[in-house]
Amino acid sequence: MPLTNPWLTGPTPTRKLDRERLAERILNLLSSQNMCVLATTGPDGPLATPVRYYPLDFTLMFTAAPRSPKMRNIAADPRVSIGVFAPLVGLASSRGAQVFGTARVLGPDHPDRAHHWAAFRWENEHAERGRPLSEPPEDLLVVIEADRIVYTEHWLRREGYAPRQHWRR
């Protein structure tokens, strides 16, 4: 039987990408997707929530209702993990990132909000909800700046690199 991806056989390489190439691959993934799974911890244990996000460099951001379970959990413990992944066709296409960081909640008057809000495409969500584009929302903006990222891409094996790479701020 012919092998579709013979480079997936044999021992897994351990070679690390240089920081610049790893950063480029991570940023490509973060900017080419728009859904993630946000993991928080609350009084009832872990909570994994699908969330539409927008990237700004190594920062992910989303809006949320103040009384949602994820926001209650973030208020109690702002340490979060986020899973971002590309559609999977087979092992060779496996590509994703585990992002670890601390969530910050920026209200309408927060001094850091304007910097992040400039990259947030709120018009899309406003149009979906039938809201006028002449009135920007004042929703809470949740910002997670990555402290570390575990990046997985099995295609890296083809070039002799480990499929799992580690990035730190």
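Quick look at the structure, then.

What counts, and at which threshold
Residues numbered from 1 in each chain as written. Predicted model: local features only at pLDDT ≥ 70, side-chain atom pairs only at ≥ 80, totals over all residues. Heavy atoms only, no water. Buried < 20%, exposed > 50% of the residue type's maximum accessible area, 1.4 Å probe, protein only. Helix = DSSP H or I, 4+ residues; strand = E, 2+ residues; numbered from the N terminus. Pairing = 2+ DSSP bridges. Salt bridge = Lys/Arg side-chain N within 4 Å of Asp/Glu carboxyl O. Phe/Tyr/Trp six-rings, centres within 6.5 Å; stacked < 30°, edge-to-face > 60°. Lys NZ or Arg CZ within 6 Å of the ring centre and 35° of its normal. 1 Å grid on protein atoms, 1.4 Å probe; cavity = no way out; pocket = protein on both sides within 12 Å on 5 of 7 lines; lining within 4 Å. Points joined across faces, edges and corners; volume = space filled by probe spheres on them.

The subject of this paragraph is the pairing of strand β8 (residues 164-168). The alternating pattern of β8 places Gln-165 and Trp-167 on a buried face and Arg-164, His-166 and Arg-168 on a face that is not buried. As judged from the five bridges shared by strand β7 (residues 140-153) and β8, these two strands associate in the antiparallel manner. Among the inter-strand pairings, Ile-149 is bridged to a residue of β8, identified as Trp-167.

Applying the stated criterion across every chain yields a total of eight salt bridges. Two residues, Arg-25 and Glu-159, come together in a salt bridge whose shortest N-O distance is 4.0 Å. A residue pair is termed long-range when its members are at least 10 positions apart, and Arg-25 in helix α1 (residues 19-32) and Glu-159 in the loop between β7 and β8 qualify at 134 residues. We classify Glu-159 as partly exposed; its relative accessible area is 34%. Notably, a salt bridge pairs Glu-145 with Arg-169, separated by 3.1 Å at the nearest N-O pair. Here the residue Glu-145 occupies a position in strand β7, and Arg-169 occupies one in the segment after β8, the gap between them amounting to 24 residues. What you see here is one network of salt bridges that share partners, running through Arg-21, Arg-25, Glu-153 and Glu-159.

This next bit is on the side chain of Thr-63. Topologically, Thr-63 is positioned in strand β4 (residues 59-64). Look at Thr-63 and you get buried, because its relative accessible area is 14%.

What follows deals with the packing of aromatic side chains. Each aromatic ring pair is summarised here by two numbers: the centre-to-centre distance and the angle between the ring planes. For the structure on display, the rule yields four aromatic pairs. Centroid distance Trp-117 to Phe-120: 4.9 Å. Interplanar angle 10 degrees. Geometry classified as stacked. Residue class for Trp-117 comes out buried when judged on its relative accessible area of 13%. What makes Phe-120 buried here is its relative accessible area of 4%. An aromatic cluster is present here, built from Tyr-54, Trp-117 and Phe-120 joined pairwise through their rings. Note that Arg-113 overlies the ring of Trp-117, its terminal NZ or CZ placed 4.4 Å from the centroid. We note Arg-148 situated over the ring of Phe-100; from NZ or CZ to the ring centre the distance is 3.8 Å.

Below, the discussion takes up empty space enclosed by the protein. Tallied over the full model, the rule gives one cavity of 30 Å³ or more. Computed from the structure, the largest cavity encloses a volume of approximately 40 Å³. The element contributing the most residues to the lining of the largest cavity is helix α4 (residues 122-128), with three residues.

What follows covers the pairing of β4. In regular strands, side chains alternate between the two faces of the sheet. Summarising burial for β4: six of the six residues are buried, a large majority. Here β4 shows no split at all, with Thr-59, Met-61 and Thr-63 on one side and Leu-60, Phe-62 and Ala-64 on the other all buried. Turn length for the strand β3 (residues 54-56)-β4 hairpin, with the two strands adjacent in sequence and antiparallel, is two residues, and the turn residue Asp-57 shows positive phi of about 60 degrees. Sheet topology places β4 next to β7; six bridges connect them, and they run antiparallel. Looking at the pairing, Leu-60 lines up with Ile-144 of β7.

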